[in-house]
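# Observations on the model geometry
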Amino acid sequence: MKTSKKLFFVFSLLVLLIPIPCFATKTYKVDIKMLPMSIQDERFYVDQVIDGRFDKRYIGTAHVGLFNNRVPAVLSDDLSSTILSLLNMTFTADETKTPIIIVIEELRVSERESITGEYGKAEAKIRFYKKSGEKIGKLFEVMEFIEKVSHWDVSKFHEENIRKVIEKCLISFIESDWENADVQWEDLIEWNESV
C-alpha cells in the first residue's frame, strides 16, 4: 500500500510540473495606453514617426513567471504607428505649426534585481527633424531613461516607463532652442534610404 501512495505522489507531482514548460511565456507583450502627455507646445506637431532601430523585433527583455525567466519584450502593435498615435493625442496637427519627423533610434526596456528590489528601466534615443521642400534637417537629438523600483514584479511598469521616457525626450526637445538650430540639410530621398 505504501508503494502505491508513493507512486500516486510521484505521478501527481509529474502532472503538476510537466506542463510548466508548455505554458512558459516566449515573449512579454507591452500594450501602450493611449493617454495624453502632461506637456504641451503649440509650435509643432509630430507628422511622422520612423522606427530607426537596428533590431525592430524586440524592445528589450522582461522577467516573467515564478522563476523570473528572462524573455524578449515586444510591443503589441507596430512601434511607429503606436508612438505616432500617442503623440497625436498631445500635439495636434495644425497648419500654423511646424511638422516634425521623429526617428526612434533606440527604445528598450530592461529589468534588474538587487537587494533593494527589482528595477524596471526604459531607455530612448530620439532624433527630431523638419522638412523644407525636398530637404530634411536634424534639429535635435536626445537620449533619456526612466527607472522604477518595486519590491514586486516590475514588468508591469514597462508600459508606463515607455510613455514616460518618450515624454522626457519630448520635454528635452521643447526646452531646446530647436527653432534656431543650425540645420545641416540633406536630400530627402537619400536620407529616406539611410534611415
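Overview of the structure. (Residues numbered from 1 in each chain as written. Predicted model: local features only at pLDDT ≥ 70, side-chain atom pairs only at ≥ 80, totals over all residues. Heavy atoms only, no water.)

## A word on helix α3 (residues 79-88)
Among the residues making up α3, those that are buried are Leu79, Ser80, Thr82, Ile83, Leu86 and Leu87. Where α3 is buried, its residues touch β2 (44-51), β4 (69-75), β5 (98-114) and α4 (158-175). Near the N-terminus of α3, the side chain that reaches the backbone nitrogen of Ser80, with its oxygen 3.4 Å away, is that of Asp78. (Buried < 20%, exposed > 50% of the residue type's maximum accessible area, 1.4 Å probe, protein only. Helix = DSSP H or I, 4+ residues; strand = E, 2+ residues; numbered from the N terminus. Contact = heavy atoms within 4.5 Å. Polar contact = N/O pair within 3.5 Å; in protein donor to acceptor, adjacent residues only side chain to side chain.)

## Details of the pairing of strand β7 (residues 135-150)
With 15 bridges connecting them, strand β6 (residues 117-132) and β7 associate as antiparallel partners. Residue pairing across strands places Phe128 opposite Phe140, the latter belonging to β7. Count of turn residues in the β6/β7 antiparallel hairpin: two residues, of which Gly133 carries a positive phi of about 65°. (Pairing = 2+ DSSP bridges.)

## Brief notes about the packing of aromatic side chains
Inspection of every chain in the model, using the stated rule, returns eight aromatic pairs. Here the aromatic rings of Phe140 and Phe173 are separated by 6.1 Å at their centres, their planes lie at 50°, and the arrangement is tilted. A residue pair is termed long-range when its members are at least 10 positions apart, and Phe140 in strand β7 and Phe173 in helix α4 qualify at 33 residues. An aromatic cluster of three or more residues is present, and its members are Phe44, Phe91, Phe128, Phe140, Phe173 and Trp178. Cation over ring: Lys121 sits above Phe145, and NZ or CZ is 4.9 Å from the ring centre. Sitting above the plane of the Phe145 ring, Lys168 keeps its charged end 5.6 Å from the centroid. (Phe/Tyr/Trp six-rings, centres within 6.5 Å; stacked < 30°, edge-to-face > 60°. Lys NZ or Arg CZ within 6 Å of the ring centre and 35° of its normal.)

## Thoughts on the pattern of salt bridges
Throughout the structure, instances matching the rule amount to 15 salt bridges. Close ionic contact of Glu105 with Lys125 constitutes a salt bridge, the shortest N to O distance being 3.3 Å. Of the two residues, Glu105 sits in strand β5 while Lys125 sits in strand β6, which places them 20 residues apart along the sequence. (Salt bridge = Lys/Arg side-chain N within 4 Å of Asp/Glu carboxyl O.)

## Quick look at the environment of Glu113
Its location among the elements puts Glu113 in strand β5. Accessibility expressed as a relative area gives 49% for Glu113, which makes it partly exposed. A C-alpha to C-alpha distance of 9.7 Å links Glu113 and Val154, two positions 41 residues apart in sequence. In contact with Glu113, not counting residues within four places along its chain, are His63, Asn68 and Glu118.

## What about the nonpolar core?
If you look at the biggest cluster of nonpolar residues, it comprises 37 residues, and the most contacted ones within it are Phe44, Leu87, Ile102, Ile162 and Ile166. When contributions to this core are tallied by element, the ones reaching two or more residues are β2, β4, α3, β5, β6, β7 and α4. With residues up to four places along the chain from it excluded, the contact list for Ile166 reads Met37, Ile83, Leu87, Leu107 and Ile126. Ile101, Val103, Tyr129 and Ile136 belong to the second largest nonpolar core, which has seven residues in total. (Core = buried A, V, L, I, M, F, W, Y, C linked by side-chain atoms within 4.5 Å.)

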